[in-house]
Every structure is written in C-alpha cells, then in structure tokens.
Amino acid sequence: MNDISMMSAETLLVEYRRHALSPRECMEAVLERIQQFDPLVNCMCSFHADMALQAARESEQRWMRGEPLGLLDGVPVSVKDLIDVQGFPTRYGSLTSPDTLQRSDAPAVSHLRRAGALLFGKTTTSEYGNKIVTDSPLTGITRNPWDRRVTPGGSSGGSSVAVALGMGPLSLATDGGGSIRVPACWSGVVGFKPTLDLVPTGVAGSWTRLSTLGPIARNVRDAALMLSVASGAHDPLRSESVRPVDYRIGLEDGVAGLRVAYCPGIAGVTVDPMVAASVAQAADVFEALGAHVEQVDVKPLANYLDSRMHAIQWSVFFAQRACAMSEAQRAQLDSDVQVLVESGLQVTAPELAGALRARHLLGVEMAAFFERYDLLVTPVFHCGPLPVPGLPKTLLTAPQQTSWCNQTGLPAASVPCGLPGGLPTGVQIVGRLHADALVLRAARAYESARGAFPTARLLQGEHAVATEVTS
C-alpha cells in the first residue's frame, strides 16, 4: 500500500468506503509525520493528538455502519491560525493575542466539521497574515520543505508545508494578496483563491475585506472537493434553497476551445528567466490541449504597481487593527507590522478614497478583459523562494503578480509547473468573477498533462540541508 499520509483525500475516501483503510490509521500516520518533520520545518503551531484520534475513531465507526457524515468524513484537515477552530486558540502568529480556546468554529470550519473532516491542528502564519513569508514573533520561522534555508512563502506557509509533507492532504488557508498562491507556488502544492466571499469568512476573518478563504491541497481534485465543502453548499444546516455545488463535476472537461491570455509578467515586473521559462512551457501545454493561447500585455494592470492601491488599503487595515491595541501590545508587534501601522496612520482620507476608487475601476476593466478571454495565465511570483530569515524591503509591498486578484475578487489557482534552480514554482490561472469551476477545470487539465510532480525534498530522504540548519 502507498504511504497513507501522502494519499489524496479522494483516495482516502475510496479506501474508507472499501473498508481497506480506517480514519484512525490515517490520523495516526499524519501524527507520525508531524512528529518526524515539524521539528525541522515548524509549520504546526498547535495540534491535539488525543482529540484528533477520538474524532477519527468516531469517523471509523460511521464508515463501518455505512453512514459517513459528508464529503470529507475521516479526512485530516489543518487550519491556518487566522481562522477560529473550536477547542484551539486563535493566535494570529502574534504575542498580542490571548491563548483562549475558541468556543465556536468559523463558518467555513463549521462546514468542514459537519462534513466529517478531522480538524486536528492549526498551521503557522506571519503575524496577522501581514507578509509573503511565514515568520512571526510568536512561532518563529517556518521553513521550506524543499530547502530549509529558504521560505515556503506566506502568509499561509504553515498550511503549504503541512500539505507538502503529508501532515494531512488538505488545509484551509487565507489569501489577502497572494497568501495561498505564493506558498503553494514555493512549496510545490496546489493553492486556490476563490471568488471573494464564495467561502464565508465570518466576522473575525473579514477585517481586511481583501482576504478570501480557500484550500491548499496536493492536487486539483482535492482542492475542488474541499472548496465544495468549505463554501457551505453541502452543509445540511444550510437553507434548502442553496443549491449544492460539487466543483469536481466537469473537472475533467479540458480546455479545448477556450480563449487563454498568457502574460509573462505585468508591467513593471521583471520575472526571473528560469521562472519565466517554466510558466511559458505551461502556456504551451494549454495550447497543445486545444486552447487558443494569445500572449498579451494586460492593459488594466499597466499602472497597478504605481497606483499603490493595495499597499494603501493594506496599511490602513493594519493601522485600524493596531488602534484597538494598547501601547504595550503594539510594542510586541513584528517590526514589519509596525512599519505597516505607521504607514497606515499617515494615509489621508482622500488617498484612501482614491485607492478604493482605483480598486473599483480595476474591477470594471478586468471584467471587460474577461469578455475577450476565458482565462489568464501568468507566473505566481517573479522569483523563487527567498532566504530566511527576513524579507527584502523591495518585497514588503503587495505581491506584484497576485495581489491584483484580491483587489478585483477574481478566482485564481497556483499549480506547480517546474523546478527552476531545483525549487518549485507555479503557474497562476485566473478567471472572471464566479468562474471558479472553470479555473479549477483548467488547473486540472494542466495538472493532468504535466503528470506527477515530485514530492518535497525532505520526503525524498534528502536531510542534509535539514540537519545543517538550526531552528
């Protein structure tokens, strides 16, 4: 039998149905992976083995009776520590947050729980999800599963690393500017940022109005499965008027005949040649699959970086959050967060209004763009993973290739497309608003044509780098 901890969620469910594998055995395998690899990469900030095993035993009994709760019964799922999970603290990667156990789940977590998911632990994040690397004053540095000397990306780096290393096939993460797609890209896994509000954030998760909850998985079919549940349409407690959506339906329909725009890099961004070559090869795959691929400059994005719309909104949101803190708490914040706060405090009302207007205009212009094209293909990030610790000042701004999708609310996927320099990179596939199923379908078509992607280097037994780097 294949390694249980690296089985897809879909495979696990098939094995449970056949009574060839039990959720308890799966959960035990995941916990073993945590013990083996988390000391090396620091991706889990909390987990409850006893609670997880008890939930797995209950799931096992349901499967033995032939009465699974829902689409994810017995599947281990981790949750990024910006999202409430009952029985766990939500620390936001911050020393300013209490370790109080949450009494209830965030809405999307409730959907997962009622579908039978085994919610076993929380994954690391940068403080309040503030940047594209995953380090924080509370949990320290999270490291890349391919090379511990570099970052897995952020702010959902803990989720991407956990999935890459077999600590559950699925993780629920957040994306406010690229926080699902960048770590998926640099960790060699699949990340999907849905259309804004497709997955409910709840009150606590909506403070930036840019962030979207979505899945990180090892393959597109699993991401589609998780999205089907997290969006809530399959929740038995939802109104009967809500039509269930299974994003796996039509997933294998391919891309023949679709109009695909390929943009090697948005204006003002210099893409590393090796990354560019990997993404160009991915664009060629779409053409070979029958799509009509056209290389374009995305004109609505020509002035995106100069507009600073994302940077202005992001800093104001952090300043607003910090205003509710005491001086002692603010002194405990990550220095990068403190810079964001100070920047946000300097933004004037007309500047913020201008950023919001620019956001609206970009949304209108991109809607017109997607009248001409069905999909847009770009790099996820312009370079490979960065050394840890730290983040160059030039990259403290919004992620250039991804954050515009948050401004427009568009769905976007990151799918592994190569190993330039020996480290993963990803192709970004973007669609019009509410075309989540189409984006996933295109991601699956590319994934199928690409073939199996290598497992993370730590799983290949290459521990030399791991043992040379201290935590």
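Residues numbered from 1 in each chain as written. Predicted model: local features only at pLDDT ≥ 70, side-chain atom pairs only at ≥ 80, totals over all residues. Heavy atoms only, no water.

Peer 1: Residues and numbers for the confidence of the model for the protein chain, please.
Peer 2: When the pLDDT values of the protein chain are averaged, the result is 94; 96% of them are 70 or greater. Contacts for the low-pLDDT stretch residues 464-471, under 50 throughout, to residues beyond four places or in other chains number 13 contacts. (pLDDT = per-residue confidence, 0-100. Contact = heavy atoms within 4.5 Å.)

Peer 1: Could you give an account of unusual backbone geometry, with specific residues and numbers?
Peer 2: Following G154, the chain continues to S155 via a peptide bond in cis, the omega torsion being 5°. Structurally, S155 is set in the loop between strand 5 (140-141) and helix 5 (157-164). The omega torsion of the bond from V388 to P389 falls at -5°, within 30 degrees of zero and hence cis. Its location among the elements puts P389 in the loop between strand 11 (375-379) and helix 14 (403-408). The backbone of D197 sits at a positive phi, close to 75°, despite the residue not being glycine. With respect to the helices, strands and loops of the structure, D197 is situated in the loop between strand 7 (190-193) and strand 8 (212-217). Residues other than glycine seldom take positive phi values, yet R308 does so here, at roughly 55°. Topologically, R308 is positioned in the loop between helix 9 (304-307) and helix 10 (309-323). With a relative accessible area of 44%, R308 lands in the partly exposed category. (Helix = DSSP H or I, 4+ residues; strand = E, 2+ residues; numbered from the N terminus. Buried < 20%, exposed > 50% of the residue type's maximum accessible area, 1.4 Å probe, protein only.)

Peer 1: Before we move on, could you go through the pairing of strand 8 and cite the residues and values that matter?
Peer 2: The element strand 8 is extensively covered by neighbouring structure, given that 6 of its 6 residues are classed as buried. Pairing of strand 6 (residues 170-175) with strand 8, which is carried by 6 bridges, proceeds in the antiparallel orientation. In the strand pairing of strand 8, A173 is matched with G214. Relative to strand 8, strand 7 runs antiparallel, the two being bridged by 2 bridges. From the neighbouring strand, G191 faces strand 8, where its bridge partner is I216. (Pairing = 2+ DSSP bridges.)

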